[in-house]
Amino acid sequence: EVSPRSVEDYRWGLTRHLLPFFKDHHLSQITIAEVDRYRTHKVREREQRKHGRSLSNSSINETLNLLAQVLEMAVEYGHIQFNPARGRRRRLKTTQPKRTWLEPEQIKPLLDATVRGLRGEKTMPDPRMRTLFATAICTGLRIGELLALRWQDVNLAQGRLIVLDSKTDAGLREIDLWPELRDVLASYKAAAEHAQPSDYVFATTTGKADTRSNISRRLKRAVQRANEALADKDTPAIPPELTPHSLRRTFASLLYLRGESPVYVMHQMGHSDPKLALQIYTKITTE
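What counts and how
- Residues numbered from 1 in each chain as written.
- Predicted model: local features only at pLDDT ≥ 70, side-chain atom pairs only at ≥ 80, totals over all residues.
- Heavy atoms only, no water.
- Pairing = 2+ DSSP bridges.
- Helix = DSSP H or I, 4+ residues; strand = E, 2+ residues; numbered from the N terminus.
- Salt bridge = Lys/Arg side-chain N within 4 Å of Asp/Glu carboxyl O.
- Buried < 20%, exposed > 50% of the residue type's maximum accessible area, 1.4 Å probe, protein only.
- Contact = heavy atoms within 4.5 Å.
- Expected span 1.5 Å × (residues − 1).
- Arc of directions from axis to C-beta.
- Axes fitted to C-alpha atoms, helices over the stretch in contact; angles between N-to-C directions.
- Parallel < 35°, antiparallel > 145°, perpendicular 65-115°, else oblique.
- Left-handed = near helix turned anticlockwise from the far one by under 90°.
- Nonpolar A, V, L, I, M, F, W, Y, C, P; charged D, E, K, R; others polar.

Participant: Which residues make up the sheet that holds strand β4 (residues 160-163), and what are the values?
Facilitator: With respect to topology, 3 strands assemble into an open sheet ordered β3-β4-β5, the strand pairing being antiparallel. Each of the sheet's edge strands pairs with one partner strand only, and the pair in question is β3 (154-155) and β5 (173-176). Here β3 pairs with β4 via 2 bridges, running antiparallel. Directly across from asparagine 155, in β4, lies its bridge partner arginine 160.

Participant: I'd like to hear about the pattern of salt bridges, residue by residue, with values.
Facilitator: Enumeration according to the criterion identifies 15 salt bridges in this entry. Note that arginine 37 and glutamate 34 form a salt bridge whose closest N and O atoms lie 2.7 Å from each other. One end of the pair, arginine 37, and the other, glutamate 34, are both in helix α2 (residues 32-48), 3 residues apart, so they sit about a helical turn from each other. Accessibility expressed as a relative area gives 46% for arginine 37, which makes it partly exposed. Residue lysine 108 pairs with aspartate 112 through a salt bridge whose shortest N-O separation is 2.7 Å. Here the residue lysine 108 and the residue aspartate 112 both occupy positions in helix α4 (residues 104-112), the gap between them amounting to 4 residues, near one helical turn. Residue lysine 108 is classed as exposed on the basis of its relative accessible area of 55%. What you see here is one network of salt bridges that share partners, running through Asp36, Arg39 and Arg90.

Participant: So what about the side chain of arginine 39? Which residues, and what values?
Facilitator: Within the fold, arginine 39 resides in helix α2. For arginine 39, a relative accessible area of 15% translates into the label buried. Residues in contact with arginine 39, not counting those within four places in the same chain, are Leu64, Arg89, Arg90, Arg91 and Leu92.

Participant: How would you explain helix α7 (residues 179-191) if you had to name every residue and give the values?
Facilitator: When the terminal C-alpha atoms of α7 are compared, their 19 Å separation across 13 residues agrees well with the 18 Å that a helix rising 1.5 Å per residue should span. Within α7, the full set of buried residues consists of Leu181, Leu185 and Tyr188. When α7 is viewed along its axis, its buried side chains cluster within an angular range of 65 degrees and face the same direction. Pointing more than 90 degrees away from the buried face of α7 are the exposed residues Asp183, Ser187, Ala190 and Ala191. Buried residues in α7 make contact with α5 (127-139) and β3.

Participant: Outline the packing of α5 against α7, listing residues and values.
Facilitator: Two numbers describe how α5 lies on α7: the axes approach to 10 Å, and their chain directions differ by 155 degrees. Taken together, the axis directions place α5 and α7 in an arrangement best described as roughly antiparallel. Crossing angle aside, the handedness with which α5 passes α7 is left-handed. Touching Pro127, Arg128, Thr131, Ala134, Thr135, Cys138 and Thr139 of α5 are Leu181, Val184, Leu185 and Tyr188, all from α7. Looking at the contact of α5 with α7 residue by residue, the classes come out as 7 nonpolar, 3 polar and 1 charged.

In short, geometric facts, not functional conclusions.
See the structure below:
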């Protein structure tokens, strides 16, 4: 009953954060004060961390939400009387995350900066990542949908792409392929090692699906390289906090710039709620 993404999130929260702190506790020892001590511990751990990625307040709260889920089941089965991890007072304050996307003039510099690093600070083209980022920008696929995409779902002849693992009520959605992206995908497929109908479109060298973390790292490196190239140019720097989901928002903004309606944008992106599509539409049309 749990999606693969949820399993991944649960495993991350449990093995990396909750279990190292709570694994030797009896249920009766997990009190409100102890939950608060865990929260303080994660904040201090972040402040002392000099290298690697540290947890934001939102991420710490995610681990607290997972803890609350576990303890809620303990309450349900009568092992404890109340859930000490419930309530806003157990959570850290958070701010609304900045929603980012690419401006049209930033797209080519980002794609041109999608390369693989070699020894001696040399680089070589990375057609897989370049095509993946281009597909994200021109189709609005979620990162999970991109990584699960197989060639049998890409109809180059008819210029459409089917998303089977979709969040829409119908369980799938159909996306129109722009002619420029269709050409890019056709060239990429012709040179791909894994190009059978059941193969992943963006398979690794072993034919397996790539990971979210790897895609995020590659995108961050591409942003850094692109901004170095843009340093002496008039094009504004790409936001350093750009994420794979930012490329999905870029797709929405490009559709509006092409004159598409909010309803069409909503269906192409697989939204059941027009709120986000209209937010981007408002920003695009008022700037």
